[in-house]
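# A look at the structure
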Amino acid sequence: MNSRIAQLRHAAAFVANHGIGGFSRELCHRCVNLYYERRLGVATAGRVKLTDIGVSRSDARDSMPIGYGAFFSIFKRIPLPKPDVVFLDFGVGKGRAVCAAATFPLKQIVGVELSEALAEVALFNIERMRHRKTMRIDIRRGDATELRLSRDVNLVYFFNPFAGDTLVKVVENIHRSHQEFPRKIYVIFFNNDHFDKVVRGEQWIKKIYQKTFYPRIACGVYETVSAALS
Ligand SMILES: C[S@@+](CC[C@H](N)C(=O)[O-])C[C@H]1O[C@@H](n2cnc3c(N)ncnc32)[C@H](O)[C@@H]1O
């Protein structure tokens, strides 16, 4: 009973601060997330402060899941046949983006996660998820800067996992992979301010799409450019 009253108070405070329109958007956002969590049978919600789980890296961002609505909306814009897609998630967290991607029949999904504890949660979610259509899923524990992209990775995904030198090194690795094995690589980057600065002026990659999703999450989609392919 007390918790119901607390929820009502919380809702009233939200309406007072954001208006009825803001409240409806938030409600819709939460319902969509809840719907997919139930449908897939996974538990990927909630923010995790990395320092609370013993990870302290100045470049690393805390773990929080992407909204399912935003993920599916941007994913469907990638012009690759699903069975050809090798999807790489830098910073897997509890595995929401991996599970959402795995509802499509992709060739392979690879993910890397710095926190051992979060990687365990992600694996648990992946193993028990329903409606899984990608069978090859490989989750690695470790630092994103040390991951060498295999030659067939063609869709790279980031939801604000890190900035600074870590992001610069990861972008160099993507560039190197593209130079060694020229191909179209698409990059989806949620919260892409830092990424935009890192690739500004680069000739090998260009932005093809930009959209802002609720709640104020900007997303850029990029594709590699090479003389041989363009
Ligand atoms: C915002 S969460 C993204 C969660 C998930 N990809 C999604 O879209 O729902 C960012 C994750 O990146 C991880 N991360 C931060 N720095 C990292 C690094 N250097 N290497 C690998 N993972 C890292 C964090 O531990 C965190 O779980």
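What comes next concerns the included structure. Residue numbers run consecutively from 1 along every chain, following the written order of its sequence. This being a predicted model, a pLDDT of at least 70 is required before a residue's local features are given, and a value of 80 or more before pairs of side-chain atoms are given or counted; all residues contribute to the totals for chains, interfaces and linings. With hydrogens and water set aside, each side-chain value is computed from the structure's full complement of heavy atoms.

Glancing now at the sheet that holds strand β3 (residues 137-141). Whether two strands pair depends on DSSP finding at least two bridges between them. Secondary structure elements follow DSSP: runs of H or I of four or more residues count as helices, runs of E of two or more count as strands, with numbering from the N terminus. Read from one edge of the open sheet, seven strands run β3-β2-β1-β4-β5-β7-β6, paired in mixed fashion. Here the strands that pair on one side only, and so sit at the sheet edges, are β3 and β6 (205-213). Within the sheet, the average angular offset between the axes of one strand and its neighbour, ignoring direction, is 15°. Bridge analysis of strand β1 (residues 86-90) against strand β4 (residues 155-159) gives four bridges, and the strand direction is parallel. The partner of Phe 87 across the bridge, within β4, is Leu 155. Sheet strands in contact with helix α2 (residues 68-75) are β1, β4, β5 (186-190), β6 and β7 (217-224), and its direction is about 145° off that of β6. The contact criterion used throughout is that any non-hydrogen atoms of two residues lie within 4.5 Å. An axis is simply a line fitted to the C-alpha atoms; with a helix, the fit covers only the stretch in contact. Between two such axes, the angle follows the N-to-C directions and lies from 0 to 180 degrees. Contacts from helix α5 (residues 164-180) reach β1, β4, β5 and β7, with the element oriented near 170° to β4.

A 1.4 Å probe rolled over the protein chains alone gives each residue an accessible area, and that area as a share of the maximum for its type sets the label: buried under 20%, exposed over 50%, partly exposed in between. With respect to burial, β1 is a largely interior element, five of its five residues being buried. What you see with β1 is no split at all: Val 86, Leu 88 and Phe 90 on one side and Phe 87 and Asp 89 on the other are buried throughout. Direction of pairing for β1 relative to strand β2 (residues 108-113): parallel, over a ladder of five bridges. Residue pairing across strands places Phe 87 opposite Ile 109, the latter belonging to β2. Here, the term right-handed applies to a crossover whose path from the first strand over the helix to the second runs clockwise when the strands point away from the viewer. With helix α3 (residues 96-101) bridging β1 and the parallel β2, this β-α-β connection has right-handed handedness.

Glancing now at the environment of Asn 192. Inspection of the secondary structure puts Asn 192 in the loop between β5 and α6 (193-199). As for Asn 192 and Ala 163, which are separated by 29 residues in sequence, their C-alpha atoms are 9.9 Å apart. Once you skip the residues sitting within four places of it in the chain, Asn 192 turns out to touch Lys 207, Gln 210, Ala 218, Cys 219, Gly 220 and Tyr 222. There is a polar contact of 2.8 Å between the side chain of Asn 192 and the side chain of Gln 210. Side chain to side chain, Asn 192 and Tyr 222 meet in a polar contact 2.9 Å long. Any N or O atom pair separated by 3.5 Å or less is treated as a polar contact, with the protein-specific requirement of one donor-capable and one acceptor-capable atom, and with residues adjacent in sequence counted only for side-chain atom pairs.

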